[in-house]
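A structural walkthrough
Letter by letter, the chains look like this.
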Amino acid sequence: MGCGATVYHGISLIMNPHVVDSLPTALAVLCTAGVVESYTLWVAIDAVRTNAANSQMKFWEYVRNGDNPIPVAVMLEDGAAIAGVVIAGLGITLTHVTGNVMYDAAGTIAVGTLLGGVAVMLITKNRAMLVGRSIDRRRLEQLKVVLMKDDVINSLHDVKCISIGPSDVRFKAEINFNGWRIAEKYIENKIDISDAKGKLRRSSDIELFLLLFGDGLVQMLGDEIDRIEEIVRDHIPEAKHVDIEVL
């Protein structure tokens, strides 16, 4: 809407030329707007820089591919506003000096085009968020390498990390666990084998032992899943939802 209204004003100025009545007043309004927008732009840049650092991304990389469009939107809008103030000021000044209203009209149309470009960029970015955009592939590949080095994991399948909101990511993976290694860890930490050997004399004793061992093994698997979820969140802090399916 801002783009359309501004371009329409520029075209109207070409069709019905008129010079600025008071150059000092116009420049004073533009300067005031520039100061206010400069402050909000500085705050937005600082927010984008912080989010980029938290996501382990470079500044402009986060602007293009970051998972939180809100500070990026504010930064782009304020940046466009300041650029528009400069363009409008130049157009008005040149029109006042030369008497040629085309400078003002061209500046107005240029500001409208700038607003339209920012709007298209924001539409594209937010559309990607709405359809569930994956996080930066490089970060996901680094996490997969770390997980595959874990001794309780045999293989990973269908690994996905989708943005479902600003700074809110869902991680999903199917994991083929190493049952042998999990059993070893359970025995190392939970069971005294030497003590159990002397007590398993009857079939009922062995059956009870196997039942207890199976129950403990399931608990051990749960502990390992919790540990893997912490690894995921250490590498992707914005992963609020971690879904792990056992194969």
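Residues numbered from 1 in each chain as written. Predicted model: local features only at pLDDT ≥ 70, side-chain atom pairs only at ≥ 80, totals over all residues. Heavy atoms only, no water.

Let's talk about the overall build of the chain
When you go through the chain residue by residue, the secondary structure sums to nine helices and three strands. Beginning at the N terminus, the succession of helices and strands in the chain can be written as α-α-α-α-α-α-β-β-α-α-α-β. A burial count over the chain gives 37% of its 247 residues as buried. Once local pairs closer than 6 in sequence are excluded, the contacts in the chain between residues at least 24 apart make up 69%. As presented, the chain carries roughly 14600 Å² of accessible surface, and 63% of it is formed by carbon and sulfur atoms. (Helix = DSSP H or I, 4+ residues; strand = E, 2+ residues; numbered from the N terminus. Buried < 20%, exposed > 50% of the residue type's maximum accessible area, 1.4 Å probe, protein only. Contact = heavy atoms within 4.5 Å. Areas by Shrake-Rupley, 256 points an atom, 1.4 Å probe, with all protein chains shown as cover.)

Topic: the pattern of salt bridges
Where charged atoms of side chains with opposite charge meet at close range, the side chains can pair. For the structure shown, the criterion picks out 14 salt bridges. Note that Lys172 is salt-bridged to Asp158, the shortest N-O span being 2.4 Å. Here Lys172, found in strand β2 (residues 168-177), pairs with Asp158, found in strand β1 (residues 153-165); they are 14 residues apart in sequence, far enough to count as distant. Given a relative accessible area of 18%, Lys172 falls into the buried group. Residues joined in a network through salt bridges with shared partners are Asp150, Lys185, Glu224 and Arg227. (Salt bridge = Lys/Arg side-chain N within 4 Å of Asp/Glu carboxyl O.)

Topic: the confidence of the model for the chain
Model confidence for the chain is summarised by a mean pLDDT of 82, while 87% of its residues fall at 70 or above. The least confident element of the chain is helix α8 (residues 193-197), whose mean pLDDT is 57; the most confident is β2, at 88. (pLDDT = per-residue confidence, 0-100.)

Notes on a nonpolar patch on the surface
Among the surface-exposed residues, Ile11, Ile14, Met15 and Met102 lie close enough to one another that they form a single nonpolar patch of about 380 Å² accessible area. Top element by residues in the nonpolar patch is helix α1 (residues 2-15). It accounts for three residues. (Patch = residues over 30% accessible without salt bridge, like charges linked within 9 Å, V, L, I, M, F, W, Y side chains within 5 Å.)

A look at the nonpolar core
Core analysis: the biggest nonpolar cluster contains 27 residues, and Leu147, Phe171, Ile175 and Ile228 have the highest contact counts within it. For this core, the secondary structure elements donating two or more residues are α6 (137-148), β1, β2, α7 (179-190), α9 (203-235) and β3 (239-246). Broken down by element, the residue count for this core peaks at six residues, all from α9. Core analysis: the next-biggest nonpolar cluster, separate from the first, contains 14 residues, Ala52, Val63, Met75 and Leu122 among them. (Core = buried A, V, L, I, M, F, W, Y, C linked by side-chain atoms within 4.5 Å.)

As for the environment of Leu13
In this fold, Leu13 is placed in helix α1. Under the relative-accessibility criterion, Leu13 is labelled buried at 2%. Each C-alpha atom of the pair Leu13 and Ala106 lies 9.3 Å from the other, and the pair is 93 residues apart in sequence. Ignoring anything within four residues of it in the chain, the contact list for Leu13 reads His18, Val101, Asp104 and Ala105.

Remarks on helix α2 (residues 23-54)
Here α2 spans 46 Å end to end across 32 residues, near enough to the 46 Å set by a 1.5 Å rise per residue. At the exit of α2 stands Gln56, carrying a positive phi of roughly 60°. (Expected span 1.5 Å × (residues − 1).)

Observations concerning the packing of aromatic side chains
The full count for this structure, using the stated rule, is one aromatic pair. With 5.2 Å between their ring centres and 90° between their planes, Phe59 and Trp60 make a pair best called edge-to-face. (Phe/Tyr/Trp six-rings, centres within 6.5 Å; stacked < 30°, edge-to-face > 60°.)

Section: the packing of α2 against helix α4 (residues 69-98)
Two numbers describe a pair of packed helices, the interaxial angle and the distance between the axes. Packing of α2 against α4 brings their axes to within 8 Å, and their N-to-C directions diverge by 155°. Judged by the inter-axis angle, α2 sits roughly antiparallel to α4. Relative to α4, α2 is oriented so that their crossing is left-handed. Taken together, the residues of the contact of α2 with α4 break down into 19 nonpolar, eight polar and two charged. (Axes fitted to C-alpha atoms, helices over the stretch in contact; angles between N-to-C directions. Parallel < 35°, antiparallel > 145°, perpendicular 65-115°, else oblique. Left-handed = near helix turned anticlockwise from the far one by under 90°. Nonpolar A, V, L, I, M, F, W, Y, C, P; charged D, E, K, R; others polar.)

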